Amino acid sequence: MAVNHQNVEELYEFGETLGSGHFGTVRMCYTKTTRDPFAAKFIKLRKSKTSRWGLDREQIDREVNILSQVQHPNIIELHDVFAGRTDMVLIMELVSGGELFDYVAEKESLSEEQAMEFIQQILQALGYLHSKSIAHLDLKPENIMLRDKEAPKPHIKLIDFGLAQKIEPGAEFRSLCGTPQYIAPEIINYEPLGPPADMW
Ligand code: IQU
């Protein structure tokens, strides 16, 4: 995907904050021409090699490259990318049903059938990613979103490819990344990683 150097405010209008993370914030946004809704992820660029804040351009380019390579019903779609002086803005598909985490937390229980339907969709997305040698490396209920939580069978979308890596078979990739509660043993042990790290 070609990175846009135009001012993002000329093409999009921004609304409420939808979420935030270590990277920055995600805001509701609309195209000025057609009012189509999207989610805009604002990522702060790191100002200097020694700064503890912001992300390096290479890290953001990696996320953009990976998202550009994937097209699957259960994976969030990247629509446009803007590069500014201090921020990069990723214009993404809007997913309105919230996190799977909150959906499960609010319910008394999840039926075996619902759990099966969610797992099936998650595995379809992972099967697709892994067939392209892409590992997500930060799979967790906070990064699994629902298109519509009122639907009888909510449609799942994987989000946040900030830690994702293309790891070709035979290549050696090691990293100490992820979220403590969900980290696979091979990551903790600093062993070579691949798509199986997503299956833990
Ligand atoms: C968020 C992140 C990435 C894409 C989104 C698409 N639609 C709505 C929200 C989106 S969020 O950061 O706002 N929420 C996910 C929090 N884990």
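Residues numbered from 1 in each chain as written. Predicted model: local features only at pLDDT ≥ 70, side-chain atom pairs only at ≥ 80, totals over all residues. Heavy atoms only, no water.

Before going further, it helps to examine the nonpolar core. Membership of the largest hydrophobic core comes to 38 residues, with the highest contact counts inside it found for I60, L90, L100, L129, L158 and F161. Looking at this core, the elements that each hand over two or more residues are β3 (37–44), α1 (57–69), β4 (78–83), β5 (87–92), α2 (100–106), α3 (112–131), β7 (144–146) and β8 (156–158). Counting residues per element, this core draws most heavily on α3, at six residues. Ignoring sequence-local partners within four residues, the contact set of F161 consists of E63, I66, L67, I75, L129 and H136. (Core = buried A, V, L, I, M, F, W, Y, C linked by side-chain atoms within 4.5 Å. Buried < 20%, exposed > 50% of the residue type's maximum accessible area, 1.4 Å probe, protein only. Helix = DSSP H or I, 4+ residues; strand = E, 2+ residues; numbered from the N terminus. Contact = heavy atoms within 4.5 Å.)

Taken together, 13 residues lie near the ligand, and L18, G19, V95, E99 and E142 sit nearest. The contact in question runs from an oxygen atom of the ligand to an N or O atom on the backbone of G19, over 3.2 Å. Relative to its unbound accessible area of 400 Å², the ligand is 88% covered by the protein chains. By residue class, the composition of the shell around the ligand is nine nonpolar, one polar and three charged. (Near = heavy atom within 4 Å. Polar contact = N/O pair within 3.5 Å; in protein donor to acceptor, adjacent residues only side chain to side chain. Areas by Shrake-Rupley, 256 points an atom, 1.4 Å probe, with all protein chains shown as cover. Nonpolar A, V, L, I, M, F, W, Y, C, P; charged D, E, K, R; others polar.)

Before going further, it helps to examine the pattern of salt bridges. Tallied over the entire structure, the rule returns 10 salt bridges. The residue E13 makes a salt bridge to R35 at a minimum N-O spacing of 3.3 Å. Here the residue E13 occupies a position in strand β1 (residues 12–21), and R35 occupies one in the loop between β2 (24–31) and β3, the gap between them amounting to 22 residues. We classify E13 as partly exposed; its relative accessible area is 36%. Linking D56 and R46 is a salt bridge whose minimum nitrogen-to-oxygen distance equals 2.8 Å. With D56 in the loop between β3 and α1 and R46 in the loop between β3 and α1, this residue pair connects regions lying 10 residues apart in the sequence. Of the residues examined, R46 reaches a relative accessible area of 24% and is grouped as partly exposed. Within the structure, one salt-bridge network assembled from shared partners comprises K41, E63 and D160. (Salt bridge = Lys/Arg side-chain N within 4 Å of Asp/Glu carboxyl O.)

Function cannot be read off these values alone, since they describe shape.
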